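# Summary of structural features
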Protein chains: 2
Amino acid sequence: MNYHKISREDILALKQIAEEKNLLTREQIGEDYSHDELGGITSYPDVLIRAGSTEEVSAVMKYAYDHNIPVVVRGSGTGLVGAAVALYGGIMLETTQMNRILELDEENLTVTVEPGVLLMELAQFAQDHDFLYPPDPGEKSATIGGNISTNAGGMRAVKYGVTRDYVRALTVVLPTGEIVELGGKIVKNSSGYSLKDLMIGSEGTLGIITKAVLKLVPLPQKSISLLIPYPSMEMAIEAVPEIIRSKSAPTAIEFMERETILFAEEYLGKKFPDTQSDAYLLLTFDGSSLSQVEAEYDRTAKLCLSQGALDVLLVDTDERKDSVWSARSAFLEAIKASTTEMDECDVVVPRNHVAEFIKYTHQLAREIDIRIPSFGHAGDGNLHVYICRDDLSLEVWQEKLTLAFEKMYERANELGGAVSGEHGIGYAKQAFLEQQVGEAQIRLMQGIKQVFDPKGLLNPGKVVCGAAALIR
Amino acid sequence: MNYHKISREDILALKQIAEEKNLLTREQIGEDYSHDELGGITSYPDVLIRAGSTEEVSAVMKYAYDHNIPVVVRGSGTGLVGAAVALYGGIMLETTQMNRILELDEENLTVTVEPGVLLMELAQFAQDHDFLYPPDPGEKSATIGGNISTNAGGMRAVKYGVTRDYVRALTVVLPTGEIVELGGKIVKNSSGYSLKDLMIGSEGTLGIITKAVLKLVPLPQKSISLLIPYPSMEMAIEAVPEIIRSKSAPTAIEFMERETILFAEEYLGKKFPDTQSDAYLLLTFDGSSLSQVEAEYDRTAKLCLSQGALDVLLVDTDERKDSVWSARSAFLEAIKASTTEMDECDVVVPRNHVAEFIKYTHQLAREIDIRIPSFGHAGDGNLHVYICRDDLSLEVWQEKLTLAFEKMYERANELGGAVSGEHGIGYAKQAFLEQQVGEAQIRLMQGIKQVFDPKGLLNPGKVVCGAAALIR
């Protein structure tokens, strides 16, 4: 692509738009900004701007549009598929200083936020006001802008759905610099094509989110988790469709293997309540009263015990809650710390095929002799599967990694799944997306990208822009 | 537009695709097919095909694409904005014979249906299997395909959301005739732009829905309604934000005026439990146990009484349930029967502005001296407002109608609302959509239409295709 290379003149012009202290040039930009959390692809922006307002973002984008400069938006950089990496240099707009919670509207049950608010800040704010913001991805230091851009799901999707279900309105700066308001503080909408839903999950390729109105729900008064050990992962996961079929309505059903728990114990230096079993389910129930929650979990506990669970541990003390949930939140980091390098597969399959898929990863690990730990959301079919390099040579690692990815995505396709449940396509998964959805859908997505971004300036090379061969 | 006019040759060719008994030519097509339920715009298709399968729809569409023939899809024809009218003639594909419920999947909590299944059939099927399909629009004889095409909301949106929230997957025939599968039996998805969400609410302009996988929820074991009389409509509706603020979670909050109830009594020949008051709220609560439901409605009943409600009538006997809900379902027909002609405004506003908007319609009715009854979903801000012609001359009626629409949509815009909550834009509301969303969004929507349908064959002249001036 023939982008304009940023010059000193451009930087002077951009300093007229952004405050000087919020504009960093190439030599001032830290290494962190050249990659995301998984670090598989590396490239520096030429200029980093810490955005302060919608108007400023609009002015920067307008300048970039007029001068043919690529623009990449970045939140906290916690992504895993390279979506926030400036493949073609240009301008990186960081949203972390746009981090104000602007309004709580208790009559419309909404909270209005800037995109740089962190998930943990929003969760705490909601709770302090007796509300719940249901989406609950493991990475609490991600920004809300990032969560919306990947349609992040998190642990409570079983009962509450995903980020998409909680976005009422978005203020978006288009690649032309125009500002549009999508949706509103309204519960229903049938007014033209849902541009808001197109923006959600578009990973910063169609527009820049500068404000979001999010739906809240009343805070459930009681919440209790059950930790349920099983003799094997297969047995644990095979219990999940039975739980669903029994019309139990848990908030979350997570699965975890002993190996991963041990890594987390080591990583955190903290004990998990039980590590004697090979596999565990972690179920959460919430509701408006203790008796309601008890009735629900009691029925489910009995069902699990009748289906081969070894025990049911109530996670009801603060200490247990802390040890279980801090471990759960640390799984990604713990696996990362256990190996030299890793890559991730974030497939989602229908929930009655989770057991089959996990079995397949075990079989694959033996077949190609590579370590493939996993954890994830058994209740919603979204798995986080890690392929670990350990002590393999670069050549062997790349060969095995490619093979493992190909096989796993192929299997997920066969089971009616999708490439990504919540981490997105970004740079890394484009070929697999094409395999999954086929040529017609890719053509439509590329057409949509062209409509929003005719000059191809916004986050180029991502999602459906097939930049693999084009990186400078 | 330069469409090919259907010839005898085309009809012979189409008879090779569809069964002869399912293909009707112009002279065989009944008057019903020239308009929808509100009947504001009239035009006949040249050929009517009762579609039998995805493959058949694909073959018809492919033929139309190759021969430049417009295609309009129609379900039960219960629309109110002319979306299913064949403005340019051509082929009408009717889906009512594709009416099978294909699968109930109790492990993934989904039901798979053809588009011609009626809402009431699906609701009954779900209930018979101890599930709930939550979307509950008043028009029970609409098809599911139609509900998806308008993102219909219905009465339970307060608690359960709208049709969009229950669509897991769609099989869609594109304007080229290609068949694509959007989404899946998966709970999370972050795999490219959400074409599924673009299709939902696109009113048959982007593709033809031939199969849908819908999400179900366990059937709440108890459901109870409260009918709450108020001395005035303002007082009734002003109670709603207070109910929401109290963190009560009703399934539905409907409002109704005495005048509308009296029309319904007359129309149905059936008594309503109470008609002494000017205005009523109808609240429903559901849950897993009677005690839970009682606790919820008890708290809300007390709140309403403390805020000026005259009484709280429990709708708990079958007789009362029938009289209240059959009246509620008949409001549209009853208002229609009370006048010579009418048009509808389906605005949605933030729910704390409903009272203000209703007050405004009352004021407007006085100002321009025209009758404007209304009813609707106070709990989710979606109002159904009817402008009645009564005995006005055509000229005066058109003048007053235009003025009333302009004023009401303008007011809705000022309040942060949208043109349509659930009935769509269709043919009738295009100018108001443009006023609401502005030029940039219309440009994006038109671009998207062009990407999906480069020849402009599918449901031309609707949503964003500005056909007002082009009708033959």
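Figured I'd write up the structure that's included with this text. Note that the structure is predicted; figures quoted are calculated from it, not measured.

### Observations regarding the relation of the copies chain B and chain A
Take chain B, turn it by 180°, move it 0.0 Å along the axis, and it overlays chain A with an RMSD of 0.0 Å. On this basis, the relationship between the two copies can be described by a two-fold rotation axis. Counting the interface residues of chain B, we find that 100% of their copies in chain A are interface residues as well, pointing to one common contact surface.

### Comments concerning the side chain of Asp136(B)
Residues and elements named next belong to chain B. Mapped onto the fold, Asp136 is located in the loop between β7 (131-132) and α4 (144-149). Looking at Asp136, the relative accessible area reads 15%, which means it is buried. Here the side chain of Asp136 touches Lys140 through a polar contact of 2.5 Å, side chain to side chain. For Asp136, the residues in contact, after removing those within four places along its chain, are Gly153, Gly154, Met155 and Arg156.

### Details of the side chain of Asp346(A)
Position of Asp346(A) among the secondary structure elements: in the loop between β16 (342-345) and α11 (354-367). Look at Asp346(A): it is buried, it has no salt bridge, and the nearest opposite charge is Lys188(B) at 7.0 Å. Polar contacts involving the side chain of Asp346(A) include one to the side chain of His384(A), which spans 3.2 Å. In this view, Asp346(A) contacts Asn382(A), Leu383(A), His384(A), Tyr409(A), Val419(A), Ser420(A), Gly421(A), Glu422(A), His423(A) and Gly424(A); residues no more than four positions away in its chain are not counted.

### Focus: the pattern of salt bridges
Taken as a whole and assessed by the stated rule, the structure comprises 62 salt bridges over all chains. Note that Lys271(B) and Glu265(B) form a salt bridge whose closest N and O atoms lie 3.9 Å from each other. On the basis of relative accessibility, which here comes to 66%, the residue Lys271(B) falls in the exposed class. Residue Glu265(B) is classed as buried on the basis of its relative accessible area, which comes to 12%. The shortest N-O distance in the salt bridge between Lys429(B) and Asp343(B) comes to 4.0 Å. Note that Lys429(B) is positioned in the loop between α12 (394-414) and α13 (430-452) and Asp343(B) in strand β16 (residues 342-345), a separation of 86 residues in sequence. In terms of burial, Lys429(B) and Asp343(B) fall into one category: buried. Among the charged side chains, a network of salt bridges with common partners joins Arg164(A), Asp197(A), Arg164(B) and Asp197(B).

Rules of the game
- Within each chain, residue numbers correspond to sequence positions counted from 1 in written order.
- Each chain takes a letter, starting from A, and each ligand takes a number, starting from 1, following the order in which they are written.
- Only residues with pLDDT of 70 or above have their local features reported here, since the model is predicted, and side-chain atom pairs are shown and tallied only from 80 upward, although totals for entire chains, interfaces and linings are computed over all residues.
- The side-chain numbers reported here are obtained from all heavy atoms of the structure, hydrogens and water having been left aside.
- Alignment of copies: least-squares fit on C-alpha atoms of residues with pLDDT of at least 70 in both copies.
- Every residue pair with non-hydrogen atoms within 4.5 Å of one another is taken to be in contact.
- The helix count covers DSSP runs of H or I at least four residues long, the strand count covers runs of E at least two residues long, and both are numbered beginning at the N terminus.
- The cut-offs for exposure are 20% and 50% of the maximum accessible area for each residue type, with area from a 1.4 Å probe on protein chains only; residues under the lower value are buried, those over the upper are exposed, and the others partly exposed.
- Two N or O atoms form a polar contact when they lie within 3.5 Å of each other; inside protein one atom must be a possible hydrogen donor and the other a possible acceptor, and for residues adjacent in sequence the pair counts only when both atoms belong to side chains.
- Positive charges come from Lys and Arg, negative ones from Asp and Glu, while His and the chain ends are left out of the count.
- Between Lys or Arg on one side and Asp or Glu on the other, a salt bridge is scored when a side-chain nitrogen of the former is within 4 Å of a carboxyl oxygen of the latter.

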